[in-house]
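Remarks on the overall topology
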Amino acid sequence: MSSDRQRLILEAAVRVIAHSGVRGLRVEKLSAEAGVSTALIYYHFGDRAGLMRRTLDFINERAGRYTNEALEIGKDPREQLELLLLLELQDTPAVRENSAAWGELRASAVFNPDLREPLSTSTREWAEELADMIRKAQAAGLADADADPLDVAERLTALVEGVSERWLSGSTSLERARELVEGAVIAELGKRSPGKS
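Description of the structure in this document. Predicted, not measured: the structure shown is a model, and the values here were computed from it.

Criteria and cut-off values
Residues numbered from 1 in each chain as written. Predicted model: local features only at pLDDT ≥ 70, side-chain atom pairs only at ≥ 80, totals over all residues. Heavy atoms only, no water. Helix = DSSP H or I, 4+ residues; strand = E, 2+ residues; numbered from the N terminus. Rg over C-alpha atoms; globule rule 2.2 N^0.38 Å. Buried < 20%, exposed > 50% of the residue type's maximum accessible area, 1.4 Å probe, protein only. Contact = heavy atoms within 4.5 Å. Areas by Shrake-Rupley, 256 points an atom, 1.4 Å probe, with all protein chains shown as cover. Lys, Arg positive; Asp, Glu negative; His and termini not counted. Charge placed at Lys NZ, Arg CZ, Asp CG, Glu CD. Arc of directions from axis to C-beta.

Turning our eyes to something else, we now look at the overall build of the chain. If you tally the helices and strands in the chain, you get 10 helices and zero strands. Starting at the N terminus, the α and β elements of the chain follow one another as α-α-α-α-α-α-α-α-α-α. Taking 2.2 N^0.38 as the reference for a compact globule, 197 residues should give roughly 16 Å; the C-alpha atoms of the chain span a radius of gyration of 18 Å, in line with that estimate. Per-residue burial for the chain yields a buried fraction of 45% across its 197 residues. Considering only contacts within the chain whose residues lie at least 6 apart along the sequence, 64% involve residues at least 24 apart. If you sum the accessible surface of the chain, you get close to 10100 Å²; carbon and sulfur atoms cover 49% of it. The distance from the centre of the 26 positive side-chain charges to the centre of the 33 negative ones in the chain is 3 Å.

Here the focus is helix α3 (residues 38-45). Turning to α3, its buried residues number three or more, namely L40, I41, H44 and F45. Along α3, the residues classed as buried sweep out an arc of 110 degrees about the axis, all on the same side. Of the residues in α3, the exposed ones pointing more than 90 degrees away from the buried face are A39 and Y43. A positive backbone phi angle near 80 degrees is found at G46, which sits one or two residues after α3.

This is the structure:
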């Protein structure tokens, strides 16, 4: 039962951050959004810093659920990599909320040292996951063998974060954001060889 309540609170925290920013995340506001007492929030998360760290973990877990689709439908490691990146750019409530909250937490880390380490860990894990997919694509002859997988992964994840912020802020369209990611995959990994699907 407590894990259900924690999930309810974390879903509400993502909504509040996505709609009001990190500064708008007040325990009283979160309590009202989640329909629970402030005491319950403190019981489960200790303090605001604990709530923020756990919200970041929750955002990552939720992103994993919708990006894992890439592993199921992608025919090869390169296609899986591209799909995984593109699934971060979907016009659905979950993806919009996740992306907005992630961007807010990243921006807040400039002023909030408590967020830096968990953000750094999450970013590193995401880049390492992509680097592993790039290595597999290289081994299958589907990517430039001379490219450094971790460097490529870091550039691609930074691009996705940047174009996501532009899309969410209305600076670019979702279609254009996705085109930029597709172009970056080609620029980083090379064009697919004829006969490789």
